[in-house]
Amino acid sequence: MPVRNRLTEREQLVLYGLLRYPDLRDRELSDQLGVKHSTLTSIRRRLQKKGYFRTIRLPYLQHFGCELLAVIHTHFNPVIPLQKRVDITEEKIEASEELFFSIGEFEKGFSLSLSENYTAIGKINDIRTETFGKLGLLEKNYPTEVIFPFAASRIYRFFDYAPLIKHRFGLDGSPRCDFIWPPGDVHLSATERYVLYGLVRYPEEPDKGLATILGVARQTVSRLRKQFEHKGYIAQMRIPDLRQLDFEILAFYHVRYDPANPPDFEAGEAAVLLSDNVIFMASRPFETVLIAAYHTYGEYKADKVEKMQVLKEREWTATNPVIRTYSLSKSEIIKDFTFAPITKKILQIDDLPE
């Protein structure tokens, strides 16, 4: 199906390349894609200026004492308008450092968090339940927690949009499967922690600009950035604006497996649920959470049917998965990949100058 936006074929290719190879510089990416260097740079700047994508840095905080990823999803009694609910949650819940992504629609919402331990997530969920309960927002069910300890979980895809965009534009390209490995035990100096936080908070600043903000030598920033990237402490990511690219639906899947017949966790059997539409997938032995994006409702239905067929044929589930769809035109993104607060908390450093 033709894309309704006005991106040319060359722009589509460059956008895909920027998402698929976020660490490559323009000259390296131009060689990878077979696009003239000056043309690629011009297209990248144009796409960025028009808001088709933005660049962030993902901190791999499991190396520094962050033990788990938490997903919380809630079904609401829609008696209070969405904007009022957003205002309330922003003040009491979303302000928590642990939350890095949160989205809501009229009667539902979900969030993702990184946390040092379960205590912090438990406190957030207690506040969430108390707040929603007093407002009469909850129906029969409490907010549902899905906890993924890094030492006992697999992150198959962590907001990697390249397969989605490849599929959307009908491009060729090999998929990438991301794993966040079990936690390490890394100790950084005060300067290293300071620079790491700065890299996360100001992801689009060049080394020279960040050095000025931090008040350290440019050579120090460059050396530590390269060191952190090489050791896997941070990774550059690019996040596309799905609305500008005419995507209509975000789907949230929570699959609980039959304890008597789950997929083989060590063999990674759950990866069969991955499709090009999936942008996030986390698993532990008895449950999986997926987030997927779709251009049309028909595309969503077809992908959902395929996933349900796999689950049924392999007899992996005893109960139906929780599946909720979000209209991208009607949903409110409350937190949008905000990693600086939890990085600051985990690394235990002072704030940076504005």
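Reading guide: rules and limits
- Residues numbered from 1 in each chain as written.
- Predicted model: local features only at pLDDT ≥ 70, side-chain atom pairs only at ≥ 80, totals over all residues.
- Heavy atoms only, no water.
- Helix = DSSP H or I, 4+ residues; strand = E, 2+ residues; numbered from the N terminus.
- Contact = heavy atoms within 4.5 Å.
- Expected span 1.5 Å × (residues − 1).
- Buried < 20%, exposed > 50% of the residue type's maximum accessible area, 1.4 Å probe, protein only.
- Arc of directions from axis to C-beta.
- Phe/Tyr/Trp six-rings, centres within 6.5 Å; stacked < 30°, edge-to-face > 60°.
- Salt bridge = Lys/Arg side-chain N within 4 Å of Asp/Glu carboxyl O.
- Pairing = 2+ DSSP bridges.
- Axes fitted to C-alpha atoms, helices over the stretch in contact; angles between N-to-C directions.

A.B. asks: Looking at this structure, how should I read the overall build of the chain?
C.D. replies: A count of helical and extended segments in the chain gives eleven helices and twelve strands. Once local pairs closer than 6 in sequence are excluded, the contacts in the chain between residues at least 24 apart make up 79%.

A.B. asks: Looking at this structure, I do not really get helix α3 (residues 37–49). What am I missing?
C.D. replies: Each α-helix turn comprises 3.6 residues. Residues three or four places apart therefore point the same way. With 13 residues, α3 should reach 18 Å at 1.5 Å per residue; the first-to-last C-alpha distance of 18 Å fits that figure. Regarding α3, the residues found buried are L40, T41, I43, R44 and L47. Seen along its axis, α3 keeps its buried residues to an arc of 165°; they face one direction. Pointing more than 90 degrees away from the buried face of α3 are the exposed residues R45 and K49. The elements touched by buried residues of α3 are α1 (9–20), α2 (26–33) and β1 (53–59). Immediately downstream of α3, the backbone of G51 shows phi near 80°, a positive value.

A.B. asks: Please clarify how the packing of aromatic side chains should be interpreted in this entry.
C.D. replies: Each aromatic ring pair is characterised by the separation of its centres together with the angle its planes make. This structure, assessed with the given rule, holds 16 aromatic pairs. On the numbers, 5.4 Å between centres and 80° between planes, the contact of F110 with Y326 is edge-to-face. A residue pair is termed long-range when its members are at least 10 positions apart, and F110 in strand β4 (residues 108–115) and Y326 in strand β11 (residues 322–327) qualify at 216 residues. Of the two residues, F110 and Y326, neither departs from the other in class, the shared state being buried.

A.B. asks: Where do I start with the pattern of salt bridges in this structure?
C.D. replies: Oppositely charged side chains can form a pair if their charged atoms are brought close together. Inspection of every chain in the model, using the stated rule, returns nine salt bridges. A salt bridge links E11 to R46; its shortest N-O distance comes to 3.1 Å. Here E11 is found in helix α1, whereas its partner R46 is found in helix α3, with 35 residues between them in sequence. A salt bridge links D303 to K307; the shortest N-O distance between them is 2.9 Å. Within this pair, D303 and its partner K307 are both found in helix α10 (residues 297–313), separated by four residues, close to a single helical turn. The pair D303 / K307 is uniform in exposure class, with both members buried.

A.B. asks: What is the right way to read the sheet that holds strand β8 (residues 249–256) from this model?
C.D. replies: The strands making up a sheet associate through hydrogen bonds between their backbones, and the pairing can be parallel or antiparallel. The strand order across the open sheet formed by five strands is β6-β9-β10-β8-β11, and the pairing between neighbours is antiparallel. Edge positions in the sheet fall to β6 (154–158) and β11, since each has one partner strand and no second. Between one strand axis and the next, the sheet turns by 10° as a mean value, whatever way the strands run. Pairing of β6 with strand β9 (residues 278–284), which is carried by four bridges, proceeds in the antiparallel orientation. Among the inter-strand pairings, R157 is bridged to a residue of β9, identified as M281.

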